[in-house]
Amino acid sequence: DSEHLMGEIFLRGIGVQRDPMIAHEYFTNSADHGNADAMYALGLMNESGDGVNVDYGKAREIMTAAASAGSSQAEEWLEKRGQPIKLFEEIPSTAC
């Protein structure tokens, strides 16, 4: 969506001065509307401290939400850090 795109523009400094704090605002708005790519970007920002304070717990929380929203990049991020995600739990069968 357009807010995610604006976040990328400000995060990378494409045609504007790079401003991670403004990028964070755009990504947050986009993530609040369910954009998995914006959630992934926010997770990375929380991991690296780009525009926000480093917060590994929040990064993991956001990445989990991003993976649940369909981000394969967030799933890979979680798996590399030792937290594979199961989007669907198996329901045990019961004998009747």
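As shown above, the structure is provided for reference.
Since this is a predicted model, take the numbers as computed values, not measurements.

Draft legend 1. Expanded view of the nonpolar core. Membership of the largest hydrophobic core comes to 19 residues, with the highest contact counts inside it found for Phe-27, Met-63, Ala-74 and Trp-77. Elements supplying a minimum of two residues to this core: α1 (2-12), α2 (20-32), α3 (36-48), α4 (56-68) and α5 (72-80). With 6 residues, α3 is the largest single contributor of residues to this core. In this view, Phe-27 contacts His-4, Gly-7, Glu-8, Leu-11, Ala-38, Ala-41, Leu-42 and Met-45; residues no more than four positions away in its chain are not counted.

Draft legend 2. Representation of the packing of aromatic side chains within the structure. Under the counting rule described, the total for this entry stands at 1 aromatic pair. Seen in terms of ring centroids, Phe-10 and Tyr-26 are 5.9 Å apart; in terms of plane orientation they differ by 15 degrees. Their pairing is stacked. You can see Phe-10 sitting in helix α1 and its partner Tyr-26 sitting in helix α2, a full 16 residues away along the chain. On the basis of relative accessibility, which here comes to 14%, the residue Phe-10 falls in the buried class.

Draft legend 3. Region of the structure containing α2. Under the 1.5 Å per step criterion, the end-to-end length of α2 is 18 Å for 13 residues, consistent within 8% with the ideal 18 Å. Every buried residue of α2 is listed here: Pro-20, Ala-23, Phe-27, Ser-30 and Ala-31. The arc that holds every buried residue of α2, seen down its axis, measures 95 degrees, which confines them to one face. Of the residues in α2, the exposed ones pointing more than 90 degrees away from the buried face are Met-21, Glu-25 and Asp-32. Against α1 and α3 lie the buried residues of α2. For α2, the N-terminal cap is Asp-19; the gap from its side-chain oxygen to the backbone nitrogen of Met-21 is 3.1 Å. Gly-34, located one to two residues past α2, shows a positive phi value of around 95 degrees.

Cut-offs and rules
- Residues numbered from 1 in each chain as written.
- Predicted model: local features only at pLDDT ≥ 70, side-chain atom pairs only at ≥ 80, totals over all residues.
- Heavy atoms only, no water.
- Core = buried A, V, L, I, M, F, W, Y, C linked by side-chain atoms within 4.5 Å.
- Buried < 20%, exposed > 50% of the residue type's maximum accessible area, 1.4 Å probe, protein only.
- Helix = DSSP H or I, 4+ residues; strand = E, 2+ residues; numbered from the N terminus.
- Contact = heavy atoms within 4.5 Å.
- Phe/Tyr/Trp six-rings, centres within 6.5 Å; stacked < 30°, edge-to-face > 60°.
- Expected span 1.5 Å × (residues − 1).
- Arc of directions from axis to C-beta.
- Polar contact = N/O pair within 3.5 Å; in protein donor to acceptor, adjacent residues only side chain to side chain.

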